[in-house]
Amino acid sequence: PRITWHQDEPFGSTSIYAQWNVFQLAADNGVKVMLDGQGADEHLAGYHSFIAPRLAGLLLHGEWRTLWHEIQMTKERHGYSELRLMAYIADILLPQQIKDPIKRFLGRAHASPEWLNLDALEARPSYPFDAVGGAHSDSVQSMSRMQLTATNLQKLLHWEDRNSMAHSVESRVPFLDYRLVEFVLGLPVEFKISDGITKRVLRSGMSGILPDAIRDRVDKLGFVTPEEAWMREVMPDIFRNKLKVAIDCSRGILREQAMEGFEDIVNGNKPFNNEPWRLICFGEWM
């Protein structure tokens, strides 16, 4: 409840809770100013989600040899199969009216899930990122601009600012110095992601400064918590009860089908996702 009050809006995952604890620990130890890496992934193509527009861009420009090379290097470094990578490319290039039924069939997030009462919201099913070009990020450059200005960075900075200020800690983000952002946006794509390597120019620049074991890491994790273990093993009843409260206080926006989805996750009939957490968080905010 305290984090929800400070954030002043529902938030998407328990990573915000993890970040809250870091700032709390810093404050408890008398640290007043911290440096954070927000923004680096958005303009240096650090997220694995940049792989798809990289490949899609090569396909659209007919660079077949480079495309095949990138697919093979991505497979070697990250373990993605050719089929999975082709599905990523299709997800970038196919129109939304085709992708939505496919996502629904595969059980992925889509615009009108069964647990959401769109009539109570007086809303129509749509993808909010479409309005800012999210459906057409078929290049690394366009995805960078979208993430920096519209879809990603704003929420990350909101969470960070509220979490840090709640503990009277100043958090600075040097990767978002406007001169650095403008410089990186103007670099060739190959400087950011190539040979299956993300943040390539930064990794090269840190040669001899960072240990290679850190500099050359290829796995990419968010600020993860053991949320799956909490939900499935440690305290499913707490999640279950919180979700019930969220449905009851949502003024008809959340439907009872949300409980069915939660039970499917707990019982292992459905892959884990943080959808129950988001609904719980929405209920807490309500």
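Each remark here, short or long, concerns the structure printed above.
None of these values were measured; they are calculated from a predicted model. (Residues numbered from 1 in each chain as written. Predicted model: local features only at pLDDT ≥ 70, side-chain atom pairs only at ≥ 80, totals over all residues. Heavy atoms only, no water.)

J.: Before we move on, can you summarise the overall build of the protein chain with the specific residues and values?
T.: Tallying secondary structure elements over the protein chain gives 17 helices and two strands in all. The C-alpha atoms of the protein chain give a radius of gyration of 21 Å, which matches the 19 Å a tight globule of 286 residues would have. Scored against the burial criterion, the 286 residues of the protein chain give a buried share of 40%. Considering only residue pairs separated by 6 or more positions, the protein chain has 67% of its internal contacts joining residues 24 or more positions apart. A total of about 16,200 Å² of accessible surface is found on the protein chain, and carbon and sulfur atoms cover 57% of it. For the protein chain, the centre of its 32 positive side-chain charges and the centre of its 38 negative side-chain charges are spaced 3 Å apart. (Helix = DSSP H or I, 4+ residues; strand = E, 2+ residues; numbered from the N terminus. Rg over C-alpha atoms; globule rule 2.2 N^0.38 Å. Buried < 20%, exposed > 50% of the residue type's maximum accessible area, 1.4 Å probe, protein only. Contact = heavy atoms within 4.5 Å. Areas by Shrake-Rupley, 256 points an atom, 1.4 Å probe, with all protein chains shown as cover. Lys, Arg positive; Asp, Glu negative; His and termini not counted. Charge placed at Lys NZ, Arg CZ, Asp CG, Glu CD.)

J.: So, the nonpolar core: which residues are in play, and what are the values?
T.: Within the largest apolar cluster, 19 residues are counted, with the highest numbers of intra-cluster contacts made by Leu 243 and Leu 254. Counting only elements with at least two residues in this core, the list comes to helix 14 (227–234), helix 15 (236–248), helix 16 (257–266) and helix 17 (275–285). The element that contributes the greatest number of residues to this core is helix 16, accounting for five residues. Those residues in contact with Leu 243 that lie beyond four places of it in its chain are Ala 258, Met 259, Phe 262, Pro 276, Leu 279 and Ile 280. (Core = buried A, V, L, I, M, F, W, Y, C linked by side-chain atoms within 4.5 Å.)

J.: Can you lay out the layout of surface pockets for me, pointing to particular residues and giving the numbers?
T.: Over the atoms, a rolled probe matching the size of one water molecule traces out where space is still vacant. By volume, the second largest pocket amounts to about 440 Å³. Lining the second largest pocket are 16 residues, and of these Pro 1, Tyr 17, Lys 242, Trp 277 and Ile 280 sit closest to its centre. Elements with a contribution of two residues or more to the lining of the second largest pocket: helix 1 (2–7), helix 15 and helix 17. With four residues, helix 17 is the single largest residue contributor to the lining of the second largest pocket. Classifying every residue of the lining of the second largest pocket by side-chain character gives 11 nonpolar, two polar and three charged. (1 Å grid on protein atoms, 1.4 Å probe; cavity = no way out; pocket = protein on both sides within 12 Å on 5 of 7 lines; lining within 4 Å. Points joined across faces, edges and corners; volume = space filled by probe spheres on them. Nonpolar A, V, L, I, M, F, W, Y, C, P; charged D, E, K, R; others polar.)

J.: Which residues make up the packing of aromatic side chains, and what values go with them?
T.: Applying the stated rule across the entire model yields four aromatic pairs. Ring geometry for Phe 11 and Trp 277: centres 6.0 Å apart, planes at 50°, overall tilted. On the criterion of sequence distance, the pair formed by Phe 11 in the loop between helix 1 and helix 2 (15–28) and Trp 277 in helix 17 is long-range, its members being 266 residues apart. Take Phe 11 and Trp 277: they sit in the same class, and that class is buried. (Phe/Tyr/Trp six-rings, centres within 6.5 Å; stacked < 30°, edge-to-face > 60°.)

J.: Break down the packing of helix 5 (residues 64–78) against helix 6 (residues 82–93) for me, with residues and values.
T.: Running from amino to carboxyl end, helix 5 crosses helix 6 at an angle of 120°, the nearest separation of the two axes being 10 Å. It follows from the interaxial angle that helix 5 and helix 6 lie oblique. The chirality of how helix 5 crosses helix 6 is right-handed. Between helix 5 and helix 6, the contacting residues are Trp 68, Ile 71, Gln 72, Thr 74 and Lys 75 on the first element and Glu 82, Leu 85 and Met 86 on the second. Classifying every residue of the contact of helix 5 with helix 6 by side-chain character gives four nonpolar, two polar and two charged. (Axes fitted to C-alpha atoms, helices over the stretch in contact; angles between N-to-C directions. Parallel < 35°, antiparallel > 145°, perpendicular 65-115°, else oblique. Left-handed = near helix turned anticlockwise from the far one by under 90°.)

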